[in-house]
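# Examining the three-dimensional arrangement
So the chains spell out like this:
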Amino acid sequence: MTKALKGVRILDFTHVQSGPTCTQLLAWFGADVIKVERPGVGDITRGQLQDVPNADSLYFTMLNHNKRSITLDTKNPKGKEVLTELIKQCDVLVENFGPGVLDRMGFPWEKIHSINPKMIVASIKGFGPGPYEDCKVYENVAQCTGGAASTTGFRDGLPLVTGAQIGDSGTGLHLALGIVTALYQRTMTGQGQKVTAAMQDGVLNLSRVKLRDQQRLVHGPLKEYSQFGEGIPFGDAVPRAGNDSGGGQPGRILKCKGWETDPNAYIYFITQAPVWEKICDVIGEPGWKTHPDYAKPPARLSRLNEIFARIELWTMTKTKFEAMDILNKQDIPCGPILSMKELAEDQSLRATGTVVEVDHPTRGKYLSVGNPIKLSDSPTEVKRSPLLGEHTDEILRQVLGFSDHQVAEIHDSGALDPPRKQAAE
Ligand code: COA
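This is a predicted model, so every value here is computed, not measured. (Residues numbered from 1 in each chain as written. Predicted model: local features only at pLDDT ≥ 70, side-chain atom pairs only at ≥ 80, totals over all residues. Heavy atoms only, no water.)

### Some details on the nonpolar core
Counting residues in hydrophobic clusters, the biggest one holds 30 residues, and the most contacted among them are I10, L26, V94, L175 and I179. Residue contacts for L26: discarding those within four places in its chain leaves L5, I10, A31, A176, I179 and V180. (Core = buried A, V, L, I, M, F, W, Y, C linked by side-chain atoms within 4.5 Å. Buried < 20%, exposed > 50% of the residue type's maximum accessible area, 1.4 Å probe, protein only. Contact = heavy atoms within 4.5 Å.)

### Some details on the confidence of the model for the chain
Chain-level statistics for the chain give a pLDDT mean of 96 and a share of 98% at 70 or above. Between residues 421-425, whose pLDDT stays under 50, and residues either more than four places distant or in other chains, the model counts three contacts. (pLDDT = per-residue confidence, 0-100.)

### Side note on the state of the cysteines
Note: disulfide means a covalent bond formed between the sulfur atoms of two cysteine side chains. Counted under the stated rule, the structure contains zero disulfides. With no disulfide of its own, C22 lies closest to C90 among cysteine sulfurs, the gap being 14 Å. Judged by its relative accessible area of 0%, C22 falls in the buried class. Free cysteine C144: the closest other cysteine sulfur is in C135, separated by 14 Å. (Disulfide = S-S within 2.5 Å.)

### Quick notes on the side chain of S385
Here S385 shows up in the loop between β11 (366-369) and α17 (392-399). Judged by its relative accessible area of 0%, S385 is buried. Excluding residues within four positions of it along the chain, S385 makes contact with F60, T61, N64, H65, H360 and Y366. (Helix = DSSP H or I, 4+ residues; strand = E, 2+ residues; numbered from the N terminus.)

### Details of the domain arrangement of the chain
Each domain of the chain was delimited in the assignment, giving domain 1 (9-206 + 344-413) and domain 2 (243-332). Look at where the C-alpha atoms of domain 1 and domain 2 centre, and you get two points 42 Å apart. (Domains from an automatic or database assignment.)

### With respect to a nonpolar patch on the surface
A cluster of nonpolar side chains, namely L173, I373 and L375, defines an oily patch on the protein surface of about 230 Å² accessible area. The topology assignment puts I373 in the loop between β11 and α17. (Patch = residues over 30% accessible without salt bridge, like charges linked within 9 Å, V, L, I, M, F, W, Y side chains within 5 Å. Areas by Shrake-Rupley, 256 points an atom, 1.4 Å probe, with all protein chains shown as cover. Salt bridge = Lys/Arg side-chain N within 4 Å of Asp/Glu carboxyl O.)

### Brief notes about the pairing of strand β8 (residues 266-270)
Here strand β7 (residues 251-255) pairs with β8 via five bridges, running antiparallel. Across the sheet, L254 pairs through a bridge with I267, a residue of β8. Pairing geometry for β8 and strand β9 (residues 334-336), over three bridges, is antiparallel. Bridging across to β9, Y268 finds its partner in G335. (Pairing = 2+ DSSP bridges.)

### Some thoughts on the site of the ligand
The local shell around the ligand holds 23 residues, among which S18, L72, N96, K136 and V137 are the closest. Taking T74, its main chain carries an N or O atom lying 3.0 Å from a nitrogen atom of the ligand. Protein chains bury 84% of the 940 Å² of accessible surface belonging to the ligand in isolation. A class-by-class count of the residues in the shell around the ligand yields nine nonpolar, seven polar and seven charged. (Near = heavy atom within 4 Å. Polar contact = N/O pair within 3.5 Å; in protein donor to acceptor, adjacent residues only side chain to side chain. Nonpolar A, V, L, I, M, F, W, Y, C, P; charged D, E, K, R; others polar.)

### As for the sheet that holds β8
Reading across from one edge, β7-β8-β9 is the order of the three strands in this open sheet, with antiparallel pairing throughout. Whereas interior strands pair on both sides, the edge strands pair on one side only; in this sheet they are β7 and β9. Averaged over all pairs of adjacent strands, the angle between their axes in this sheet comes to 20 degrees, without regard to strand direction. Helix α13 (residues 304-315) rests against β7 and β8 of the sheet, and its axis sits at about 40 degrees to β7. (Axes fitted to C-alpha atoms, helices over the stretch in contact; angles between N-to-C directions.)

### A few points about the pattern of salt bridges
What the rule picks out here adds up to 28 salt bridges. One salt bridge connects E381 with K3, and the closest N-O pair in it is separated by 2.8 Å. Of this pair, E381 sits in the loop between β11 and α17 while K3 sits in the segment before β1 (9-13), placing them 378 residues apart in sequence. Across the pair D404 and R397 runs a salt bridge, and its minimum N-O distance is 2.9 Å. Judged by its relative accessible area of 35%, R397 falls in the partly exposed class. One continuous salt-bridge network, built from bridges that share partners, spans R9, D32, R68 and E394.

### Details of the packing of aromatic side chains
Summed over all chains, the structure comprises five aromatic pairs. Ring geometry for F13 versus F97: centroids 5.6 Å apart, planes at 50 degrees, classification tilted. Here the residue F13 occupies a position in strand β1, and F97 occupies one in the loop between β4 (92-95) and α4 (101-104), the gap between them amounting to 84 residues. Accessibility expressed as a relative area gives 15% for F97, which makes it buried. Between the aromatic rings of W288 and Y294, the centroid separation amounts to 4.3 Å while the plane-to-plane angle is 10 degrees, which identifies the pairing as stacked. The exposure class of W288 is buried, given its relative accessible area of 9%. Pairwise contacts between aromatic rings join W276, W288 and Y294 into one cluster. Between the NZ or CZ atom of K255 and the centre of the ring of W259, over which it lies, the distance is 4.0 Å. (Phe/Tyr/Trp six-rings, centres within 6.5 Å; stacked < 30°, edge-to-face > 60°. Lys NZ or Arg CZ within 6 Å of the ring centre and 35° of its normal.)

### Observations regarding the sheet that holds strand β2 (residues 32-37)
Pairing is parallel in the open sheet, where six strands are placed in the order β3-β2-β1-β4-β5-β6. The outermost strands of the open sheet, each flanked by one partner alone, are β3 (67-71) and β6 (194-198). When strand polarity is set aside, the average angle formed by the axes of neighbouring strands in this sheet is 20 degrees. Docked against the sheet, helix α7 (residues 168-189) engages β4, β5 (120-125) and β6, running at close to 165 degrees with respect to β5.

### A look at the environment of K341
The residue K341 is located in helix α15 (residues 340-345) in this model. C-alpha separation for the pair K341 and C280, spaced 61 residues apart in sequence, amounts to 33 Å.

### Structural notes on the packing of helix α1 (residues 18-28) against α7
For the pair α1 and α7, the least separation of the axes is 7 Å and the interaxial angle reads 45 degrees. Considered as vectors, α1 and α7 are oriented oblique to each other. For the pair α1 and α7, the sense of crossing is right-handed. Across from S18, T21, C22, L25 and L26 in α1, the residues of α7 making contact are D168, S169, G172, L173, L175, A176, I179 and V180. Across the contact of α1 with α7, the residue classes tally to eight nonpolar, four polar and one charged. (Parallel < 35°, antiparallel > 145°, perpendicular 65-115°, else oblique. Left-handed = near helix turned anticlockwise from the far one by under 90°.)

So this is what it looks like as structure tokens:
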């Protein structure tokens, strides 16, 4: 079967997490992704959080599947020549360098566009134009500046960052959508364009419901927040709401059987209005179906703590999976809190390719998250990440069409060697 992005060639200048997430997705959809790395060094994550000595880390391998790796010193004159040829042969350049790096390398947009007018140049930066545009940014900075941290956690505690990498992987996803959209527009215009995704913007986009609540706040208290039922006044900014549901259907994380010893023996329980009567029956409060304090959603809003405490008395008599079984049969929305261990062992996620086992020549077998986006006519096969510079000669010959003599010349130029400073270290 052919792949959706077959024939699309990506010049991948990404590193760490945000950019590599994007190019890995494009590779999974069938693009030929050529990762350009600094000779001798490579993507810094190859050596970060290493669990197996002298093997590429899981940090790197899990973000760089299905790519080819070429090492090239783009500050070396011959390296610049090779890069120019690569720009001619590729459809998209993707980068998440710090601000100004591509310009300092001697390849600003204008130059790239003049070398290859069809090339799409896609960039992730921490911030868009404005006071912070020159700042370097990592995941948690984006979570803090994009509105996620100020609205995550408990009202009386510190702002919290989430484990989900919404700044890095989230922005990578945004960029991937921008790239395929620009590729589509190019089919009509024949022209490349700049695609940019700022991490702050990406996080704010994912925190959209909180900007909704910020504006609702002007018109009165947010009645679905626990704070309302507790009689605590609201300030002028959206508060942290603990595990309150972000939507109009109140929800909470509740203890299940075994919670005293198992940190994940909990379930998320949503008191969706259309199934309220079923909830009353399940938890053994049939009187609540008609009682004026509980029967209708507006009456319940000031009593959510009491209501969830009562529901919890029921969930604590069941394991999270037993509770899930009973509630699902009644169409009551809920979800067990699954640990990473449980997810790693989940056979249905293995069956769909969302969790995959990959073999790697230096580190052996490991688990990864496969492509979460399934295309019926473009199935994803997850292939191991490349070793540093594994495909350098192959790319010089096959993609750029260089002869043995030219390849030897490039080797002699030092463009494929580690910069002198690093070599000395
Ligand atoms: N050959 C020669 N030099 C190379 C090279 C190559 N193949 N690839 C990279 N370099 C050089 C660059 O030219 C640059 O040098 P310069 O500063 O002298 O111009 C340097 O390596 C890389 O700079 P930078 O991207 O700023 O890396 P960093 O390690 O200092 O900062 C980040 C890392 C992530 C903070 C920064 O890249 C950033 O803010 N990126 C944008 C936001 C982002 O994606 N953040 C999330 C990352 S998960």
